[in-house]
Each structure stands twice: as C-alpha cells, then as structure tokens.
Amino acid sequence: MPDAFWPYPALSVTCTIAASHMSSQDLPLCPVVSPSYQIYMGLDKYENEDLIKWGFPEDVWFHVDKVSSAHVYLRLHKGDSIDDIPQTVIDDCAQLVKANSIQGNKMNNVDVVYTMWSNLKKTPSMDVGQVGFNSEKEVHRVHVEKRQNSIVNRLLKTKEERSPDLRAEREQRDREEQAEKRKQMLLEKQREKEEIRRRKEQEELRSYASLMKPENMTSNFDSGNDSDDFM
C-alpha cells in the first residue's frame, strides 16, 4: 500500500485550489507558511514500521496520546529544530493525526504527542508499528479540544498517495549529507591554508618593514670605512 503525503501546506496548493470556488476576499483565510512543509504517514502498521526504521533525522513524529492512531511525520527544514515549528503547523499535524485515529477522532480534549524521529525507540519485543521513546523529556504535547473539519478537509484536498522506496530515499539522503560534509571539510582546509599563507605574508611584510627602519640600517660610513675602495 502507498504512503500518504501532504505537501504541506499545501499552503500554496491549498490557496490555488480554494481560488476555484472561493472569492478573492476569502483567500486571505487560507493559512500560509513559507517555506512550506511536507507531512506524510503510512496507511497501516506495516508501513508505520518502515517509517520508524527509515525515517530522516529531521522528521518529527506525531501520535495521539494513549490511544491507537496513525503515525504522522513532519519533515523539518534544513537547520531547523523542533522548537522552530510554527504553532499553526503543529496544530495542523495534531488535527490530521486525530482525524486518523478511530478512537481519537470521536473524542474531544485529547493530547497529541510529538518528538524527533531520533527519539523513537524500537525493541524486538514490540509489536509491528509499536514504538517507545528514548527520552520522555524530549516528548512534546499539544492539546486538541475538538476536531476542526476546516483544517482536516484542507489537508485532505492536498493529499497524494505514493509508493516510495523508503530505504533508498534514506540512503540517498545520507549520501548527500556525507558529500556535503566532505565539501565543507575541503572548504575549511582551503580556508586554513589561505589563512596560513596570509599570516606568513604579513609576517614577512612586518620583518621587511622592521629592517627598513633607520635605526636598523647600517652603512660603510657607520662602520668607520668611508672609502670607495673595497680592497
């Protein structure tokens, strides 16, 4: 079965779709976050298992607390942390994961937990799709009072179904990261060499300037020999 993806927001996409049946006065109501995010989730516990195994370090995992639900992931922007996620994006993910919980969708006042993918813990004794945490201190919570159909429907309009090779995507991501690290190391070595060359030039200039000072200069006259005869 394919994974479900939400190019989130479908922000720009959502606004474009809304334009076909909403007036221009209504468009500002469409939430916009820039740059956009991507939300995705598996369609069953077996896909959830693959997502647990092959997630990206920059993925944030969402789940309804204490009840069964889908595993929703938000992919962070490069260099961002979990604390950089806009509250509107957190709320959308919380609404989406609540809507994809058979029990949670019927409940009001539920909590949604979210944490970095790297904080997920999987042990051999756990069932398929089941997961724990390495550190409870790194688990965040957001309260959801009730389902907001306007949010859920907006996200569903942007839903795409794909069948990606999660392992291949993760391995490609890791290769690109290693290549970038090697590139940065080479650049750093070049900067260090340039700095060494610059300092050497400055030392040579200072040494030359010191030699050219009058008090450091000598002549034949200074040595008591005013003759032009070198014999």
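All of these numbers come straight from a predicted model, not from anything done at the bench.

Conventions we followed
- Residues numbered from 1 in each chain as written.
- Predicted model: local features only at pLDDT ≥ 70, side-chain atom pairs only at ≥ 80, totals over all residues.
- Heavy atoms only, no water.
- 1 Å grid on protein atoms, 1.4 Å probe; cavity = no way out; pocket = protein on both sides within 12 Å on 5 of 7 lines; lining within 4 Å.
- Points joined across faces, edges and corners; volume = space filled by probe spheres on them.
- Helix = DSSP H or I, 4+ residues; strand = E, 2+ residues; numbered from the N terminus.
- Nonpolar A, V, L, I, M, F, W, Y, C, P; charged D, E, K, R; others polar.
- Buried < 20%, exposed > 50% of the residue type's maximum accessible area, 1.4 Å probe, protein only.
- Polar contact = N/O pair within 3.5 Å; in protein donor to acceptor, adjacent residues only side chain to side chain.
- Contact = heavy atoms within 4.5 Å.
- Arc of directions from axis to C-beta.
- Phe/Tyr/Trp six-rings, centres within 6.5 Å; stacked < 30°, edge-to-face > 60°.
- Lys NZ or Arg CZ within 6 Å of the ring centre and 35° of its normal.
- pLDDT = per-residue confidence, 0-100.
- Salt bridge = Lys/Arg side-chain N within 4 Å of Asp/Glu carboxyl O.

## Details of empty space enclosed by the protein
Here is step 1 of the chain: Evaluation of the coordinates by the stated rule reveals 1 cavity of 30 Å³ or more.
Here is step 2 of the chain: A volume near 60 Å³ is recorded for the largest cavity.
Here is step 3 of the chain: If you go around the largest cavity, you meet 10 residues; those closest to its centre are Tyr 40, Phe 56, Arg 75, Leu 166 and Glu 169.
Here is step 4 of the chain: Of all the secondary-structure elements, those providing two or more residues to the lining of the largest cavity are β2 (38-41), α2 (45-54) and α5 (166-211).
Here is step 5 of the chain: Partitioning the lining of the largest cavity into residue classes produces 6 nonpolar, 2 polar and 2 charged.

## Concerning the side chain of Ser 69
Here is step 1 of the chain: One can find Ser 69 in the loop between β3 (59-64) and β4 (72-75).
Here is step 2 of the chain: Exposure remark for Ser 69: the relative accessible area of 10% places this residue in the buried category.
Here is step 3 of the chain: At 3.3 Å, the side chain of Ser 69 and the side chain of His 63 are in polar contact.
Here is step 4 of the chain: Excluding residues within four positions of it along the chain, Ser 69 makes contact with His 63, Val 64, Val 97, Asn 100 and Ser 101.

## Considerations on helix α4 (residues 149-157)
Here is step 1 of the chain: Listed in full, the buried residues belonging to α4 are Ile 151, Val 152, Arg 154 and Leu 155. An end-on view of α4 places all buried positions within 165° of arc, on one side of the element.

## Overview of unusual backbone geometry
Here is step 1 of the chain: One non-glycine residue, Lys 66, lies in positive phi territory at about 70°.
Here is step 2 of the chain: For Lys 66, the location among the structural elements is in the loop between β3 and β4.
Here is step 3 of the chain: Positive phi outside glycine occurs at Asn 109, with the angle close to 55°.
Here is step 4 of the chain: Looking at the secondary structure, you find Asn 109 in the loop between α3 (87-99) and β5 (110-116).

## Description of the packing of aromatic side chains
Here is step 1 of the chain: Tallied over the full model, the rule gives 3 aromatic pairs.
Here is step 2 of the chain: Each ring, one from Trp 61 and one from Phe 133, has its centre 5.6 Å from the other, and the planes form 75°; the classification is edge-to-face. Of this pair, Trp 61 sits in strand β3 while Phe 133 sits in strand β7 (residues 132-133), placing them 72 residues apart in sequence.
Here is step 3 of the chain: Both rings, one in Phe 62 and one in Tyr 114, keep their centres 5.0 Å apart while their planes meet at 10°; by these two values the pair is stacked. Of this pair, Phe 62 sits in strand β3 while Tyr 114 sits in strand β5, and the two are 52 residues apart along the sequence. Each member of the pair Phe 62 and Tyr 114 is classed as buried.
Here is step 4 of the chain: The cationic tip of Arg 75 hangs over the ring face of Phe 56; the distance from NZ or CZ to the ring centre is 3.6 Å.
Here is step 5 of the chain: The ring of Phe 56 is capped by Arg 173, whose NZ or CZ atom sits 6.0 Å from the centre of that ring.

## Here's the deal with the confidence of the model for the chain
Here is step 1 of the chain: Put simply, the chain has an average pLDDT of 80, and 75% of its residues get 70 or more.
Here is step 2 of the chain: For the chain, the element scoring lowest by mean pLDDT is helix α1 (residues 11-19), at 25; β5 scores highest, at 98.
Here is step 3 of the chain: Here residues 6-30 scores under 50 on pLDDT; set against residues more than four positions off or in separate chains, the count is 44 contacts.

## Quick look at the layout of surface pockets
Here is step 1 of the chain: Put simply, the largest pocket is a space of about 390 Å³.
Here is step 2 of the chain: In terms of lining, the largest pocket is formed by 25 residues, of which the most central are His 63, Ser 68, Ser 69, Ala 70 and His 71.
Here is step 3 of the chain: Residue assignment for the lining of the largest pocket shows that the elements contributing at least two residues are α2 and β3.
Here is step 4 of the chain: A total of 3 residues in the lining of the largest pocket trace back to one element, the largest contributor, which is β3.

## A closer look at the side chain of Thr 158
Here is step 1 of the chain: Along the chain, the position of Thr 158 falls in the loop between α4 and β9 (160-162).
Here is step 2 of the chain: Of the residues examined, Thr 158 reaches a relative accessible area of 5% and is grouped as buried.
Here is step 3 of the chain: Within polar-contact distance, the side chain of Thr 158 engages the backbone oxygen of Leu 155 at 2.8 Å.

## Focus: the pattern of salt bridges
Here is step 1 of the chain: Taken as a whole, this structure holds 17 salt bridges when the rule is applied.
Here is step 2 of the chain: A salt bridge links Arg 167 to Glu 171; its shortest N-O distance comes to 2.9 Å. In this pair, Arg 167 and Glu 171 both sit in helix α5, 4 residues apart, roughly one turn of the helix.
Here is step 3 of the chain: The partly exposed category is assigned to Arg 167, whose relative accessible area is 46%.
Here is step 4 of the chain: Among the residues examined, Glu 171 registers a relative accessible area of 32% and is labelled partly exposed.
Here is step 5 of the chain: A network of salt bridges, in which partner residues are shared, links Glu 58, Arg 170, Arg 173, Asp 174 and Glu 177.

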